[in-house]
Amino acid sequence: MTSFEFGAKIRQEEFCLDSETVFTNHGSYGTAPKRVIHFQRRLRDEMERNPDLFFRRKYAELWESNLRMVCDFVGAKAENTVLVPNATTGTNAVLKSFPLKPGDIVLATEHTYVAVQNLCKEVVRLSPGVDVMLMKIALPIHGDEDVIRRFTDCLDQHPNIKLAVIDHITSPASILLPVKELINLCRSRQVAVMIDGAHAPGQIPLNIEQLQPDFYTGNLHKWLFAPKTAALLYIHPKFHDVIKPVITSWGWGLNIHQNFARQGTMDPTAYFSASESIAFYQDIGGIEAITKYNSTLLDKAVDHLVDVWGTKKLPIPKAMEAPFMKLVLLPDLPGYDKNFENAERLILDVFDQFNVITAFACVQGDLWVRLSAQVYNAWEDYVKVERAITEMRKGSIDK
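First things first, this report covers the structure right here in the doc. (Residues numbered from 1 in each chain as written. Predicted model: local features only at pLDDT ≥ 70, side-chain atom pairs only at ≥ 80, totals over all residues. Heavy atoms only, no water.)

1. Side note on the environment of Gln-353
Defined as follows: Secondary structure elements follow DSSP: runs of H or I of four or more residues count as helices, runs of E of two or more count as strands, with numbering from the N terminus. When accessible area is computed with a 1.4 Å probe and restricted to protein chains, residues below 20% of their type maximum are described as buried, those above 50% as exposed, and intermediate ones as partly exposed.
Among the secondary structure elements, Gln-353 is positioned in helix H14 (residues 340-354). With a relative accessible area of 33%, Gln-353 lands in the partly exposed category. It is 36 Å that separates the C-alpha atoms of Gln-353 and Ser-273, two residues lying 80 residues apart in sequence.

2. Let's talk about the packing of aromatic side chains
Note on aromatic pairs: each is described by the distance of the centres and the angle between the planes. The line we're drawing: The criterion for an aromatic pair is that two Phe, Tyr or Trp rings (for Trp, the six-membered ring) have centres within 6.5 Å, with stacked assigned to planes under 30 degrees apart, edge-to-face to planes over 60 apart and tilted to the rest.
Enumeration according to the criterion identifies 17 aromatic pairs in this entry. Ring geometry for Phe-15 and Phe-225: centres 6.0 Å apart, planes at 50°, overall tilted. Of this pair, Phe-15 sits in the loop between helix H1 (8-14) and strand E1 (22-23) while Phe-225 is found in the loop between strand E7 (215-219) and strand E8 (231-235), placing the two residues 210 residues apart along the sequence. Looking at Phe-225, the relative accessible area reads 0%, which means it is buried. Between the aromatic rings of Phe-73 and Tyr-281, the centroid separation amounts to 5.3 Å while the plane-to-plane angle is 90°, which identifies the pairing as edge-to-face.

3. Description of the side chain of Gln-263
The following threshold applies: In the analysis that follows, any N or O atom pair within 3.5 Å is treated as a polar contact, provided that within protein one partner can donate a hydrogen and the other can accept it, and provided that, for residues neighboring in sequence, both atoms belong to side chains. Whether two residues are in contact is decided by their heavy atoms, any of which lying within 4.5 Å being enough.
The residue Gln-263 is located in the loop between helix H10 (256-261) and helix H11 (269-272) in this model. Look at Gln-263 and you get buried, because its relative accessible area is 17%. A polar contact of 3.1 Å, which involves the side chain of Gln-263, links it to the backbone oxygen of Ile-247. Looking at Gln-263, its side chain comes within polar contact range of the main-chain oxygen of Asn-259, at 3.0 Å. In contact with Gln-263, not counting residues within four places along its chain, are Pro-245, Ile-247 and Ser-249.

4. Here we look at the pairing of strand E2 (residues 81-84)
Going by this rule: One requirement defines pairing of two strands: DSSP has to find at least two bridges between them.
Residues Thr-81 and Leu-83 line one face of E2 and the alternating positions Val-82 and Val-84 line the opposite face, and both faces are buried. In this structure, E2 lies alongside E8, joined through four bridges in antiparallel fashion. What sits directly across from Val-84, in E8, is Ala-231.

5. Quick word on the environment of Gly-218
In this structure, Gly-218 sits in strand E7. For the pair Gly-218 and Gly-90, spaced 128 residues apart in sequence, the C-alpha separation works out to 8.3 Å. The contact partners of Gly-218, leaving out residues within four places of it in the chain, are Gly-197, Ala-198, Pro-201, Ala-231 and Leu-232.

6. Quick notes on the side chain of Thr-24
With respect to the helices and strands, Thr-24 occurs in the loop between E1 and helix H2 (26-29). Of note is the side chain of Thr-24, whose polar atom sits 2.9 Å from the side chain of Thr-358. In this structure Thr-24 touches Ile-357, Thr-358, Arg-370, Leu-371, Ser-372, Asn-377, Asp-381, Tyr-382 and Val-385, once residues within four positions along its chain are discounted.

If you want it as structure tokens, here you go:
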């Protein structure tokens, strides 16, 4: 293992990020290290030198070798797992394939990612008589038992729920849910479970086979340093013949690997760079060193912002906080009503005025900043976030 100095030094040496911009929003899109980008570029060059040879012979070999490395990392069996562009694609494949009949209900929550909420609504549109339920998980949350009790009551009151979509780490609220207990709960009620682990690989330890969900999807291009876009989709063996990719192509009627791998002509080099991204992740210290740095830095940043702004962090137990993403309540900002549209507007307004990239969210009627920490971040990044919002609080900047 090579020795790396986290913070400004690793940012300069290993990442392509604009040196004039503060980045505290790794959670939205991630960024790949230089060595991974260079690795992917070499693969692209190889692909373009002889496309026929690459797709007809090399493709299957690279798919299998990278899939096995990903599966070793997340604790999944390769025969149950495929590569997909992103977690949204994986969730689409499951929800649009899952057998539902009139009267059935798909359960999600108010913390479910908005794109996945939209997907649930589309499934209802495509399946007459099927309904979607967005369960409320109110703040404050005092512990896992609050969430488990809420799910238990909902499942008991609505026996027609057939599929539950549950976040491993909610987005944007960054709540770490007790998915193992929720999977067991749903199984006891004969409810299939789709775990949306978009933010999980690289941020928390994973062993998908031990969790035993029916379906699990997670991005590799967020916290595992893969290029955009790369993700995994785990499908329990009992659903291998049921779940189909969103795109029907040459793999139709074959096994899940053939079905998902053969999606027409596309650039697969993000998938095939997963091995290099995992190697980088391990080379800089693996989950122990990365978690120690990121979580320590982020805890300090959250405490600082709460203190300076006189607000609060998200009212959840420490054990339910995502280690690399946390929310802080914003002070009142002139000109920004508390809604989703203004949370989105703030992202570019703060960038335009201060050259600071961070995420904002509207959670249960309040505006919050969602801070991310990655190994290239340093304390000064969060000081600049604090100063930007403090200036905006004065209401004197351009809109």
